[in-house]
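Topology and contacts: notes
Spelled out, the chains give:
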Amino acid sequence: MKLLVLLLSILSLTNSQEYSFPDDFLFGVATASYQVEGAWNESDKGENIWDHITHVNPSFVIDESNGDYACDSFHRIAEDVQILKDIGVNFYRFSLSWSRILPTGHINYVSDVGVEYYNNLIDELIANDITPFVTIFHWDITPFVTIFHWDLPQPLLELGARVDYAAKVFELFGDRVKNWITFNEPYQICEQGYSIGDLAPGYTQQGIGGYLCGHTILLAHAQAYQRYYSEFSEQGGRVGLVVHGVWGEPETDSEEDAAAAEAFVQMFFGWFLHPIYSDDGDYPPIMKEQIDALSAEQNFPRSRFPTFTEAQIESLKGASDFLGLNHYGAYLCRAANENDSTVIPSHWHDSGVYCYLSDEWEASASDWFSVTPWGLRSILNWIKDAYGNPEVIVTENGFTTTTGDVVDCRRVNYYNTYLQYLLEAIYEDECNVTGYTAWSVMDNFEWQFGYTAKFGLYSVDFDDENRTRTPKMSSYVYKNIIETRQIDTTYTPDGFDSCDADAATALTISALLISISVGLHFIAHYF
Ligand SMILES: *[C@@H]1O[C@H](CO)[C@@H](O)[C@H](O)[C@H]1NC(C)=O
Ligand SMILES: *[C@@H]1O[C@H](CO)[C@@H](O)[C@H](O)[C@H]1NC(C)=O
Ligand SMILES: *[C@@H]1O[C@H](CO)[C@@H](O)[C@H](O)[C@H]1NC(C)=O
Ligand SMILES: *[C@@H]1O[C@H](CO)[C@@H](O)[C@H](O)[C@H]1NC(C)=O
C-alpha cells in the first residue's frame, strides 16, 4: 500500500507539471476599500468603524498607522487599472465603502462623489476588459444597534439598513457589475470584531457576541440575495458569499484527532456554509449540540447560540450562486484537554478543539498562517464532499512578508505551490473551482497589523506622497501563469535572478531519493 502511494505521488509529481488551467478558468487580484483607498474624509464621506477606532485609539494597530491615506487608490484609478492590465487579470475584486456611498449609513442620502468614484473605477475596468467583482461589505458590518462598525458609517445601522444599502448598490452599479459578493469573511467580522476584539469594533463578548453577529450576517445575506432576485434579476448577474476557510489537519492519525479536526472545520467554516449549502439547511448539528449543551451546563437560561425559524432556514438554503473561498493555510488540530487555556465561554471552548501552526511549516510574516499548500486541496475536497461540489471561486490567497522587497522568492514559491495543488484538486479530484484571486495586488493597510505585513504583488512606497507602485517578481510570475495557464517553477522574469533554482533542485533530488527508496523497498520486498 505504502509502495503504491509512493509510486502514485512520484507519478503525480511528474504528471502535475503538465496540467493547464481550463480555458474558462478566471484569474484575478483583490483589494478592499479601507485597505487601499485612503481619502478617508474626501468630500462628504462618512466615518466608518476603522476611521473611528484608528483615530480614537491609535494603538489598536501595531504600528499606530491607519488607512487615512493608505495607497491613495481613490485618486489613482488609471494607474491602478493599468497595473491590473499589466498583470493580465480577468477580474478585479474590490469592495465598496459603505460610508463613502451612504455617508449617514442610510439610503436617504447618497454621496455623488462616492458614487462617481465607483462609476469611474467600474468604467475604467470595463474599458480595459477587466471584469469588476464587487464585495458589498468587506468586514464592514453592523450586527447590532451600536455606534462602532467595521469600515462602515458610525451612525446606527440595523439589518434593514444593510439590505437597503445592498439594494442601492445593485441599483447604482448593477447595469455593469454582474459578480457580487454580499459579505466578506463573516467569521472574522464576528469572532474577531465582536468576541475576541482584535478587529474593529473591538468588542469582547466571547461565546455570545460572535454568534449573534454571525446570525445577523447570514440573515442579511439571505435578504440581500433575495432582493437581487426579486428586483434586479433582469441585470443577469450573480450573488455569492465569501467565507474564510482554514483547513484543520488532524495532529495524528488517531480517530480522536480526526474527529477534532472535523469539528474544527464544521464549527469555524461550516458555521456559515451549512445553512446555505447543506440539504437540511440550518447550522451544523455539532455546533448546535455542543453550544446548547455547554450553555446549559454554564447556567445560561437559554442557549448562547441563536436559532433560525423554519422560514429563515428555508430562505438561506441555496442562497448563494457561488462559494467564495478565502484560504491562506492550515492548522494541526486535536481534542482540547484541561491544560489548554481557553476563555470560558468562547467559540474555541465550545468547539472542544485545540489547533495550532506546526513549527515544521514555513512561517509567513503573519502569526495566523503558515505555508501549507496541500491544505488548499484538502479544504476544496471537504467542500466537495460535504456540499455536493458547488462552484467555488478562490477569492483570496496570498503570502505576507515584513518588507516590500521586489525580489520575493518566497511569495513566488507560495503561489506556484498553492496553484499546483489547486490544479490537482481540479483535475485529480474534480473539485468545481472556476476562479482564483491573489491577495493582494499591492501592499496595503493590513488592519491591526498596519503596514507591517505586506501581501502585495506590487510594493508601494508609503513614504512617497505619490505612493509609487513597483512590480515585484511575483507579479511577473503570476502574469506568466495567467498567460501560459501553466505553472513553470523555473520561470524567471527578465531582470531577475532565478530564485527557484535551489528549490527546483531540491524537488528533483527528493523525487530521486524517493525513487531510490521505493526501488530498494521493492527489491527488499520481492527478492
Ligand atoms: C482630512 O483629514 C486630514 C488628516 O488625515 C486633515 O489634515 C484634513 O484637514 C481633513 N480634511 C477635512 C476637509 O476635514
Ligand atoms: C496536563 O498537565 C499536567 C501537568 O503538566 C500533566 O501531568 C497532564 O498529563 C496534562 N494533561 C494532558 C491531557 O496532557
Ligand atoms: C459546478 O457548479 C455549477 C454551479 O453550481 C454546476 O452547474 C456544475 O454542474 C458543477 N460542476 C460539477 C462538475 O459538479
Ligand atoms: C508626485 O507626482 C506629481 C505629479 O506627477 C509630481 O509633480 C511630483 O513631483 C511627485 N512627487 C514626488 C515626491 O515624486
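As shown above, the structure is provided for reference.
Notes on the structure follow.

Calculation criteria
- Residues numbered from 1 in each chain as written.
- Chains lettered and ligands numbered in written order.
- Predicted model: local features only at pLDDT ≥ 70, side-chain atom pairs only at ≥ 80, totals over all residues.
- Heavy atoms only, no water.
- Disulfide = S-S within 2.5 Å.
- Helix = DSSP H or I, 4+ residues; strand = E, 2+ residues; numbered from the N terminus.
- Buried < 20%, exposed > 50% of the residue type's maximum accessible area, 1.4 Å probe, protein only.
- 1 Å grid on protein atoms, 1.4 Å probe; cavity = no way out; pocket = protein on both sides within 12 Å on 5 of 7 lines; lining within 4 Å.
- Points joined across faces, edges and corners; volume = space filled by probe spheres on them.
- Contact = heavy atoms within 4.5 Å.
- Pairing = 2+ DSSP bridges.
- Axes fitted to C-alpha atoms, helices over the stretch in contact; angles between N-to-C directions.
- Near = heavy atom within 4 Å.
- Polar contact = N/O pair within 3.5 Å; in protein donor to acceptor, adjacent residues only side chain to side chain.
- Areas by Shrake-Rupley, 256 points an atom, 1.4 Å probe, with all protein chains shown as cover.

Glancing now at the state of the cysteines. Counting across every chain of the model gives three disulfides. Here C333 connects covalently by a disulfide to C355, the sulfurs 2.2 Å from one another. Disulfide C333-C355: torsion about the S-S bond near 105°, hence right-handed. Taken together, the positions of C333 in strand β8 (residues 330-335) and C355 in strand β9 (residues 353-356) put the pair 22 residues apart, joining distant regions of the chain. Across the pair, C355 and C333 agree in class, each one buried. Covalent S-S linkage joins C409 and C499, the inter-sulfur distance amounting to 2.2 Å.

Another point: empty space enclosed by the protein. Tallied over the full model, the rule gives four cavities of 30 Å³ or more. In this structure, the largest cavity spans a volume of roughly 90 Å³. Around the largest cavity sit 13 residues that line it, and V36, S73, Y92, Y117 and L121 are the ones nearest its centre. Listed by contribution, the elements that provide at least two residues to the lining of the largest cavity are α2 (33-36), α4 (77-87), β2 (91-95) and α6 (112-127). If one sorts the elements of the lining of the largest cavity by residue count, β2 sits on top with three residues. The computed volume of the second largest cavity comes to approximately 50 Å³.

What follows is about the environment of A39. Mapped onto the secondary structure, A39 falls in the loop between α2 and α3 (49-56). Along the chain, A39 and H75 lie 36 residues apart, while their C-alpha atoms are 8.0 Å from each other. If we ignore the near neighbours within four places in the chain, the residues touching A39 are K45, D68, F74, H75 and R100.

With mixed pairing, the three strands of this open sheet are ordered in space as β6-β8-β9. Both outer strands of the open sheet, β6 (247-250) and β9, are each paired with one neighbouring strand and no more. Neighbour to neighbour, the strand axes of the sheet diverge by 40° on average, direction disregarded. Sheet topology places β6 next to β8; four bridges connect them, and they run parallel. Across the sheet, W247 pairs through a bridge with A330, a residue of β8.

Once that is clear, we can look at the site of ligand 4. All residues adjacent to ligand 4 are D464, E465 and N466. The separation between a nitrogen atom of ligand 4 and a polar side-chain atom of E465 is 3.2 Å. A distance of 2.3 Å separates an oxygen atom of ligand 4 from a polar side-chain atom of N466. Protein chains shield 26% of the accessible area of ligand 4, which is 360 Å² for the free molecule.

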